[in-house]
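# Structure at a glance
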Amino acid sequence: MTFRLTLTVNGEPRAIELDDPRVTLLDLLRERLGLTGSKKGCDRGQCGACTVLLNGRRINSCLALAVSLDGAEVLTIEGLAVGEQLHPVQAAFIEHDGFQCGFCTPGQIMSAVGLIREGRAGDDPERVREGMSGNLCRCGAYIGITEAVLDAQARSAGVDQGEAA
C-alpha cells in the first residue's frame with residue numbers, strides 16, 4: 001500500500017509517496033529528501049538533535065510519523081538562511097561560540113528560533129535555559145548557546161520595536 005502526502009518543506013511544496021506508514025519525519029527528511037541537517041541522536045525524543053519547526057512549532061522529528069503530517073509546513077536548518085545571509089540565530093551562534101562539535105547545533109538553532117517566535121525567550125538566561133532544556137549538548141556549550149539566544153532575541157525585539165515606531 002502506498003501513502004501519498006504533500007508537505008511544504010523549507011517553502012517548497014513536496015509530493016511524497018511512502019510505502020511504509022512507520023517512516024518518521026526525521027527519516028523522511030534525511031533519507032528521502034536529502035536534508036541531513038537534522039540529526040538522529042537518540043531516536044527517542046530525548047536529545048533534541050532532530051528539532052524542526054512543524055507549522056511554526058518546535059517538534060522532535062524522530063517522534064512524528066510522516067504519514068500523519070499531510071499538508072503541514074516543515075522548516076529545517078537548511079531553510080533558515082536566505083542565500084548567503086545567515087538567519088540572525090545562526091549568526092548569533094557563531095558570534096557567541098554556541099557550539100563545539102556541532103552535532104546538536106542544528107537542533108539547538110531550530111529550537112532557539114522556535115522559542116523566540118513563540119515569544120518565550122525573554123531576556124532572562126534562566127528562562128532561555130528552561131525553554132531550551134529539551135536540547136542536549138554533550139560538549140557543554142550551554143553558556144554560548146544561552147548567550148546566542150539572548151542576543152538573537154534582543155536583536156529581534158529591537159527590529160520589532162523599530163518597525164512599530
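Quick caveat, the model's predicted, so the values are computed rather than measured.

### Description of the pattern of salt bridges
Across all of its chains, the model carries 11 salt bridges by this definition. For Glu 12, the salt bridge goes to Arg 14, with nearest N and O atoms at 3.3 Å. You can call Glu 12 partly exposed: its relative accessible area is 42%. In this structure, the salt-bridge partner of Asp 27 is Lys 40, at a minimum N-O distance of 2.8 Å. Note that Asp 27 is positioned in helix H1 (residues 25–32) and Lys 40 in the loop between H1 and strand S3 (51–54), a separation of 13 residues in sequence.

### Description of the sheet that holds strand S4 (residues 57–60)
If you trace the 5 strands from one edge of the open sheet to the other, you get S2-S1-S5-S3-S4, paired in mixed fashion. Whereas interior strands pair on both sides, the edge strands pair on one side only; in this sheet they are strand S2 (12–18) and S4. Strand-to-strand twist in this sheet, taken as the mean axis angle between neighbours without regard to direction, amounts to 40 degrees. Relative to S2, strand S1 (residues 3–9) runs antiparallel, the two being bridged by 7 bridges. Of the residues in S2, the one forming a bridge with Val 9 is Glu 12. Contacting S1, S2, S3, S4 and strand S5 (73–75), H1 crosses the sheet at an angle of about 100 degrees to S2.

### Quick look at the side chain of Thr 146
Examined against the element boundaries, Thr 146 turns out to sit in helix H5 (residues 142–164). If near-sequence neighbours (up to four positions away) are discounted, Thr 146 is found in contact with Pro 125, Val 128 and Arg 129.

### Some remarks on empty space enclosed by the protein
According to the stated counting rule, one finds 1 cavity of 30 Å³ or more in the structure shown. In this model, the largest cavity occupies a volume close to 40 Å³.

Quick notes on the rules
Residues numbered from 1 in each chain as written. Predicted model: local features only at pLDDT ≥ 70, side-chain atom pairs only at ≥ 80, totals over all residues. Heavy atoms only, no water. Salt bridge = Lys/Arg side-chain N within 4 Å of Asp/Glu carboxyl O. Buried < 20%, exposed > 50% of the residue type's maximum accessible area, 1.4 Å probe, protein only. Helix = DSSP H or I, 4+ residues; strand = E, 2+ residues; numbered from the N terminus. Pairing = 2+ DSSP bridges. Axes fitted to C-alpha atoms, helices over the stretch in contact; angles between N-to-C directions. Contact = heavy atoms within 4.5 Å. 1 Å grid on protein atoms, 1.4 Å probe; cavity = no way out; pocket = protein on both sides within 12 Å on 5 of 7 lines; lining within 4 Å. Points joined across faces, edges and corners; volume = space filled by probe spheres on them.

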